[in-house]
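Fold and contact review
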Number of protein chains: 6
Amino acid sequence: MTKPFKRLLLTGAAGGLGKILRDRIKPWADVVRLSDIGDMGEAREGEEIVQCDLADKAAVFKLLEGVDAVLHFGGISTENTFENIMAANIAGTYNLYEAAHKHGVKRVVFASSNHTIGYYKTTDYIDADSPMRPDSLYGVSKCFGESLSRYYYDRTGIETVCLRIGSSFPEPVNPRMMVTWFSYDDLVESLRCALFTPRVGHTILFGASANPGSWWDNSKASHLGFKPKDSSTRFAASFPDTGAYPPKDDVATIYQGGGFLMSGPQYKD
Amino acid sequence: MTKPFKRLLLTGAAGGLGKILRDRIKPWADVVRLSDIGDMGEAREGEEIVQCDLADKAAVFKLLEGVDAVLHFGGISTENTFENIMAANIAGTYNLYEAAHKHGVKRVVFASSNHTIGYYKTTDYIDADSPMRPDSLYGVSKCFGESLSRYYYDRTGIETVCLRIGSSFPEPVNPRMMVTWFSYDDLVESLRCALFTPRVGHTILFGASANPGSWWDNSKASHLGFKPKDSSTRFAASFPDTGAYPPKDDVATIYQGGGFLMSGPQYKD
Amino acid sequence: MTKPFKRLLLTGAAGGLGKILRDRIKPWADVVRLSDIGDMGEAREGEEIVQCDLADKAAVFKLLEGVDAVLHFGGISTENTFENIMAANIAGTYNLYEAAHKHGVKRVVFASSNHTIGYYKTTDYIDADSPMRPDSLYGVSKCFGESLSRYYYDRTGIETVCLRIGSSFPEPVNPRMMVTWFSYDDLVESLRCALFTPRVGHTILFGASANPGSWWDNSKASHLGFKPKDSSTRFAASFPDTGAYPPKDDVATIYQGGGFLMSGPQYKD
Amino acid sequence: MTKPFKRLLLTGAAGGLGKILRDRIKPWADVVRLSDIGDMGEAREGEEIVQCDLADKAAVFKLLEGVDAVLHFGGISTENTFENIMAANIAGTYNLYEAAHKHGVKRVVFASSNHTIGYYKTTDYIDADSPMRPDSLYGVSKCFGESLSRYYYDRTGIETVCLRIGSSFPEPVNPRMMVTWFSYDDLVESLRCALFTPRVGHTILFGASANPGSWWDNSKASHLGFKPKDSSTRFAASFPDTGAYPPKDDVATIYQGGGFLMSGPQYKD
Amino acid sequence: MTKPFKRLLLTGAAGGLGKILRDRIKPWADVVRLSDIGDMGEAREGEEIVQCDLADKAAVFKLLEGVDAVLHFGGISTENTFENIMAANIAGTYNLYEAAHKHGVKRVVFASSNHTIGYYKTTDYIDADSPMRPDSLYGVSKCFGESLSRYYYDRTGIETVCLRIGSSFPEPVNPRMMVTWFSYDDLVESLRCALFTPRVGHTILFGASANPGSWWDNSKASHLGFKPKDSSTRFAASFPDTGAYPPKDDVATIYQGGGFLMSGPQYKD
Amino acid sequence: MTKPFKRLLLTGAAGGLGKILRDRIKPWADVVRLSDIGDMGEAREGEEIVQCDLADKAAVFKLLEGVDAVLHFGGISTENTFENIMAANIAGTYNLYEAAHKHGVKRVVFASSNHTIGYYKTTDYIDADSPMRPDSLYGVSKCFGESLSRYYYDRTGIETVCLRIGSSFPEPVNPRMMVTWFSYDDLVESLRCALFTPRVGHTILFGASANPGSWWDNSKASHLGFKPKDSSTRFAASFPDTGAYPPKDDVATIYQGGGFLMSGPQYKD
């Protein structure tokens with residue numbers, strides 16, 4: 001049986017989620033091209049390994065050659081200095097899109113983040129059209145990626161799904177993750193929907209499992225047909241009900257961004 | 001046990017869906033009156049057969065006599081000349097409502113169509129209040145039927161459910177129908193809800209099974225209590241994932257109306 | 001100085017508003033082609049007279065030949081039998097659009113009516129996206145014209161401004177018209193905006209002067225740049241304040257459609 | 001194992017729902033303090049009994065002493081004279097919040113009612129931000145409680161969940177309750193969510209099981225993570241489909257408030 | 001010339017605004033009935049003086065006898081104890097509406113307040129459907145009046161305009177009033193619109209002059225036709241531009257309620 | 001008379017608008033500090049000149065010292081290479097905000113652009129909450145500035161007005177500018193409002209004069225009290241009405257971004 005793609009590019013392949021995805025996405029392409037600034041080990045069957053700094057425009061141009069579609073998980077994934085974030089996430093994402101456009105790539109899945117909207121309150125319910133409210137410089141760089149991909153779609157027709165990943169870990173490790181948890185299986189299924197829906201235009205999808213208490217309404221991405229199958233409820237026993245309410249000014253529970261809010265200044269609007 | 005209605009009228013009884021419904025609606029009425037311009041065979045037990053051209057006002061007046069409620073599936077159901085559509089769908093629907101009003105009929109289910117909104121994009125998510133955007137003269141005639149039934153409700157109190165049928169076939173036969181498929185069981189259940197909810201006023205209901213990737217939000221018809229039980233997911237294997245994206249200007253995948261867009265001029269807004 | 005158009009078609013030229021417009025629109029075209037089913041007198045300089053039944057498809061095809069743009073004021077403009085309305089307003093408007101499409105006409109102004117939304121209450125404030133609620137068969141035919149012109153825009157690119165005319169008379173003659181009055185000067189200015197804005201797509205514009213108490217929000221037609229200059233306030237003395245409130249069930253003051261609601265059945269939703 | 005609260009106050013403990021809750025809420029607190037104006041019997045293990053008139057400010061002040069959180073089910077729960085409602089529901093609720101504030105209580109669940117919005121139609125679908133439309137003086141007093149608790153949250157930070165209870169009975173006893181039924185299990189689960197979600201701010205939650213035909217959209221309370229497990233569908237056989245439509249002016253089926261509309265004046269807007 | 005009303009009742013006639021209105025409303029009624037708990041001096045020509053405690057149900061019943069319409073400005077108009085507010089504003093407003101209903105009065109203008117929504121931020125722009133957020137017990141009592149009048153409209157058909165008065169003084173006396181100022185002329189004009197628009201249903205109108213920086217959108221009251229003629233701009237010189245920004249936690253400039261927020265607890269959400 | 005600020009910083013002082021503003025803003029500060037990468041001539045009375053590359057973090061840190069408020073007009077203001085835009089507009093704006101935060105500056109006016117939303121159609125009417133749709137890399141960099149300033153507000157409390165400047169020139173020089181023109185007087189008045197409104201939080205303001213045909217709704221910035229006094233109507237004679245409609249696929253008239261759309265790829269969504 002033929003696979004859907006000849007060559008699928010995964011950036012950030014040495015990162016936390018990249019490692020998870022490396023095997024899971026094999027059924028989708030004859031060749032999976034893996035890219036990272038870090039070490040990715042040896043290429044296995046059906047893999048191509050390209051070590052590459054996303055900030056290196058020429059290297060990224062070559063990286064995109066012959067690629068059918070991209071899963072862009074590369075760059076920095078937590079708070080960092082602006083200089084580092086600008087190189088990896090801002091210049092890097094520009095380089096990727098410009099190369100994709102030059103090579104005629106038609107579809108990108110961009111690993112965005114819930115930290116694009118981390119300054120909404122945990123009592124808010126928002127959707128893809130709610131104005132962005134980043135909670136960190138990292139979050140600002142993901143807002144940039146969403147704006148840039150919107151531009152590339154409107155200007156060139158490259159379709160992008162911006163996946164605002166919640167907390168993709170084996171299981172929730174704190175109460176906030178009971179809301180934001182995104183199981184690996186659901187992550188992979190969301191990527192499948194993002195890659196194989198015939199038309200996606202420019203879509204923003206919140207990446208979370210079917211957890212109770214969710215803050216995010218995915219109805220504007222309904223056409224992707226993504227339905228999470230996991231739920232954090234099965235970990236409920238790990239976080240028993242408690243009447244020990246957080247202090248009134250505890251930003252980590254007031255805002256959706258959680259722990260990202262706890263370092264640095266903490267103005268409370 | 002008594003049945004809910006004495007006499008229920010089904011127009012379009014010789015049509016594709018009419019044939020399906022003929023038996024399924026029997027539990028709802030002592031007598032099912034069947035009407036069509038075409039041949040309907042012999043009347044079976046509990047049936048009345050009335051061959052009738054909907055464009056014939058006097059005939060339609062007689063057709064509605066003694067009727068408790070109407071399932072209006074008659075008329076032309078694909079693109080055609082405007083002259084034919086005007087006779088069957090415009091004059092025909094007017095004749096039906098005027099006769100229903102004169103005879104004091106209280107409830108109509110009007111078989112409308114997703115082609116009333118076929119010019120929305122396949123990346124849009126719409127609801128009953130989204131302005132109509134018909135994709136064909138056929139679709140325009142269904143918009144007319146919705147406007148007319150709204151008028152009859154506001155003016156006379158006849159309640160109507162406009163059922164915007166997706167693709168009601170035994171199973172999906174192309175990728176678009178994976179989104180728009182409306183199983184016969186779900187069709188029948190939607191009619192049951194439309195007929196037996198105590199009050200419906202003038203309600204627009206999208207008729208589709210619980211398919212992934214749906215473009216249609218039925219929350220404004222929540223009071224009908226219609227919950228589809230089928231889903232196109234069980235046919236997923238017939239339409240495997242493919243990375244062969246449609247061309248950027250392929251109207252049949254850009255717009256919800258699908259194949260209806262493929263004949264005649266194809267302006268792309 | 002050259003005029004903007006070579007040939008501008010005005011249908012309904014023998015009607016109430018047609019007569020008013022006949023002279024006012026002359027500055028816009030070298031030739032104004034006038035059409036009506038009734039007598040229009042002799043052609044004056046810069047005019048062409050074409051007596052024509054809009055229900056006659058072939059005649060309408062010829063009528064549109066050589067035309068740059070259309071002001072479609074023809075058809076029936078008050079409540080009438082459905083048969084008459086169907087011929088003049090439904091078949092007639094179809095004939096006009098199909099001929100316009102065949103001849104490559106790029107712009108139409110369609111004289112729609114506030115009776116497309118006459119079943120909103122006089123305490124409602126609505127805009128172009130509020131679902132239609134016609135108050136008469138006449139109103140239903142105008143809903144049809146709006147749906148049809150939407151279809152022709154989406155399918156062929158013919159741009160239309162649907163002008164939902166309020167009450168275009170020399171002055172308000174009853175309290176309702178203090179809200180709905182549309183001075184002739186403002187009518188002409190709205191047509192100018194509708195014809196000469198470079199792009200209008202498919203726009204719905206409520207046609208009323210800057211009257212206090214207006215029910216209609218034109219912000220979705222903002223791009224037309226139409227700003228009424230007249231206001232009914234200068235007629236306020238004709239309708240002095242009164243504490244004689246209308247009865248609670250007086251449909252003519254409950255609903256925006258006013259007097260159109262007063263004949264026939266009067267269900268109150 | 002420690003329980004979440006040291007002391008949880010339940011007002012209205014001798015009322016219909018109070019009796020149900022008395023045992024069910026025991027797992028949540030070392031001590032459940034029960035309060036009512038009526039007789040509550042003897043205190044059982046883990047209970048404190050405080051007979052108390054909510055209209056008695058001093059008594060209520062004492063009642064709140066040492067309390068961690070409150071389930072405020074006290075007061076009058078059906079239509080009554082305004083004098084009685086004002087004492088029990090208006091003064092009573094003020095006394096409760098002022099005492100809660102003085103004692104530093106952080107969380108209240110306020111038993112509000114669907115009668116705060118009973119004048120919406122049964123064909124409407126509303127959410128927590130839909131303007132209130134009470135159907136009775138009782139309903140008006142619940143609107144007051146919602147406004148007051150909003151004030152106490154904004155001013156002092158006391159968090160409240162206003163639970164707009166539908167029909168909490170062992171099972172539906174009329175067709176309306178097929179829509180509004182709130183099983184005891186679901187009621188208890190909603191209270192659990194309201195008490196133990198870390199932050200709730202001021203949240204309005206409609207209290208109903210997962211019944212078909214629901215009029216209420218709880219998405220603005222999504223953060224509570226409340227998912228009803230029961231549904232009225234299992235009682236469907238008790239209310240078979242009928243074509244005996246209610247009269248057009250039957251307020252009890254026109255408006256969501258149902259039977260509350262049937263006594264006294266019945267203006268139909 | 002006859003005046004619009006036979007008898008118009010003004011409650012609160014001895015209050016700040018009552019004194020202003022006493023003379024200004026004379027043109028609207030043959031007899032103006034003035035009511036207050038305080039001294040109103042002697043009755044002048046065309047006046048009736050009725051000293052009356054609004055909390056006295058029997059007295060209020062008599063007060064409404066023979067009245068055509070009511071301007072309800074009575075009660076307490078600043079923060080006070082809950083006991084006083086409950087008597088004057090809660091019981092008082094109930095007594096007024098119940099008496100109005102019993103006597104068949106058709107129209108009430110209820111002097112509500114911007115303090116029903118004082119907890120919105122000064123950077124928010126709200127309208128009549130924005131959920132209420134009172135900033136004081138006084139504000140809560142005005143919310144009650146709005147809910148109660150909604151109930152009386154839906155139940156009995158008494159029409160009410162709730163006028164959420166900003167700051168009605170001779171001129172702005174602080175920077176906040178540059179936004180909230182409501183000139184006496186504009187106040188009177190708003191009352192004229194509220195009394196003489198044929199149908200108002202239940203309308204909420206923000207009472208402010210055409211001041212720059214307004215927080216309030218009156219489009220949902222458009223049918224009243226109220227257009228303020230004054231603006232605070234002419235007092236701009238009294239409040240020169242300053243770069244002395246208020247502290248970040250200064251509740252009086254954060255929230256629309258202004259100085260009402262400055263006494264008591266000051267939680268900042 | 002004292003001026004509102006001690007020291008006001010204007011970046012981009014050698015640019016087109018910078019030169020205009022240099023004199024006009026003098027009344028607002030004892031000292032105006034002027035900054036640019038280019039030559040600004042000699043400092044005049046009340047001026048400080050600081051030549052500075054915004055990409056130079058240390059220089060920008062010094063630039064902000066002692067500053068009360070900032071008008072940030074620096075950076076690149078038309079399409080350019082991404083490298084140049086990243087240095088001037090992305091790194092530059094980060095440097096400015098970080099320095100402002102470190103020095104405790106409380107207010108910034110950020111010169112954003114209509115090119116943040118240039119891919120909306122000229123028939124769309126949008127407001128500050130409409131998702132961004134940049135039409136150029138320049139536009140993407142302005143989206144970045146808006147996201148970054150949102151982050152700095154939420155995190156540190158620095159207030160920003162993002163002024164999405166239309167076309168600020170002496171007069172409109174093409175038909176598009178009849179819609180987007182922003183007179184210098186109106187520009188200055190908008191800056192005055194942005195600087196001196198006591199609280200602005202994070203506000204997005206469209207910068208245009210009161211031109212007919214506007215695409216932009218400023219109601220969400222109502223609190224700024226900005227009312228343009230100029231209008232493009234006085235230049236109407238320069239752009240006479242024409243029936244020469246643009247081609248259907250002419251992106252420069254389809255999209256709000258106008259000429260920015262005319263170079264490079266021109267996908268039409």
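Below you will find a few notes about this structure.

Scoring rules and cut-offs
- Residues numbered from 1 in each chain as written.
- Chains lettered and ligands numbered in written order.
- Predicted model: local features only at pLDDT ≥ 70, side-chain atom pairs only at ≥ 80, totals over all residues.
- Heavy atoms only, no water.
- Contact = heavy atoms within 4.5 Å.
- Buried area = accessible area lost by both parts, 1.4 Å probe.
- Salt bridge = Lys/Arg side-chain N within 4 Å of Asp/Glu carboxyl O.
- Helix = DSSP H or I, 4+ residues; strand = E, 2+ residues; numbered from the N terminus.
- Nonpolar A, V, L, I, M, F, W, Y, C, P; charged D, E, K, R; others polar.
- Pairing = 2+ DSSP bridges.
- Axes fitted to C-alpha atoms, helices over the stretch in contact; angles between N-to-C directions.
- Expected span 1.5 Å × (residues − 1).
- Bend = angle between axes of the 7 residues up to and from the residue.
- Buried < 20%, exposed > 50% of the residue type's maximum accessible area, 1.4 Å probe, protein only.
- Phe/Tyr/Trp six-rings, centres within 6.5 Å; stacked < 30°, edge-to-face > 60°.
- Lys NZ or Arg CZ within 6 Å of the ring centre and 35° of its normal.

**A word on the interface of chain F and chain A**
In this assembly, 38 residues from chain F lie in contact with 38 residues from chain A. Carbon and sulfur atoms make up 63% of the surface buried where chain F meets chain A, a total of about 3,300 Å² over both sides. Per-residue buried area on chain F facing chain A is highest for Asp 154, Arg 155 and Tyr 267 of chain F; these three make up 22% of the total on that side. With a closest N to O distance of 2.6 Å, Arg 133 of chain A and Asp 154 of chain F form a salt bridge. When residues of the side of chain F that touches chain A are traced back to their parent elements, those giving at least two are helix H3 (82-103) and helix H4 (137-156) of chain F. With twelve residues, H4 of chain F is the single largest residue contributor to the side of chain F that touches chain A. Broken down by class, the residue content of the side of chain F that touches chain A amounts to 20 nonpolar, eight polar and ten charged.

**Some thoughts on the sheet that holds strand S1 (residues 5-11) of chain C**
All names here are of chain C. What the seven strands build is an open sheet, ordered S3-S2-S1-S4-S5-S7-S8; its pairing is parallel. What marks the edges here is a single partner per strand, and that holds for strand S3 (47-51) and strand S8 (202-207). Geometrically, the sheet is characterised by an average inter-axis angle of 20° between neighbouring strands, direction not taken into account. Pairing of strand S2 (residues 29-36) with S3 involves five bridges; the strand directions are parallel. Across the sheet, the residue bridging to Ser 35 is Val 50, located in S3. In the packing of helix H3 (residues 82-103) onto the sheet, the strands contacted are S1, strand S4 (69-72), strand S5 (107-113) and strand S7 (159-165), and the crossing angle to S5 comes to about 165°.

**A closer look at helix H3 (residues 82-103) of chain B**
Residues and elements named next belong to chain B. Spanning 22 residues, H3 covers 30 Å between terminal C-alpha atoms, matching the ideal 32 Å at 1.5 Å per step. Its maximal kink placed at Gly 92, H3 deviates by approximately 30°. Across the 22 residues that make up H3, a large majority, 16, are buried. Gly 104 sits one or two positions beyond H3 and adopts a positive phi of about 75°.

**What to know about the packing of aromatic side chains**
Remark: the centre distance and the inter-plane angle together describe each pair of aromatic rings, the angle taken between the planes. If you walk through the whole model with that rule in mind, you get 84 aromatic pairs over all chains. An angle of 15° between the planes, with centres 5.5 Å apart, marks the rings of Phe 206 of chain E and Trp 216 of chain E as stacked. Residue Phe 206 of chain E is found in strand S8 (residues 202-207), and its partner Trp 216 of chain E is found in strand S9 (residues 216-217); the two are separated by ten residues along the sequence. For Trp 216 of chain E, a relative accessible area of 7% gives the class buried. Pairing Tyr 151 of chain F with Tyr 152 of chain F gives two aromatic rings, centres 5.3 Å apart and planes at 70°, and the pair type is edge-to-face. Its guanidinium or amino end placed over the ring of Tyr 120 of chain B, Arg 133 of chain B lies 5.4 Å from that ring's centre, counting from NZ or CZ. Against the face of Tyr 267 of chain C rests Lys 268 of chain D, its NZ or CZ located 5.2 Å from the ring centre.

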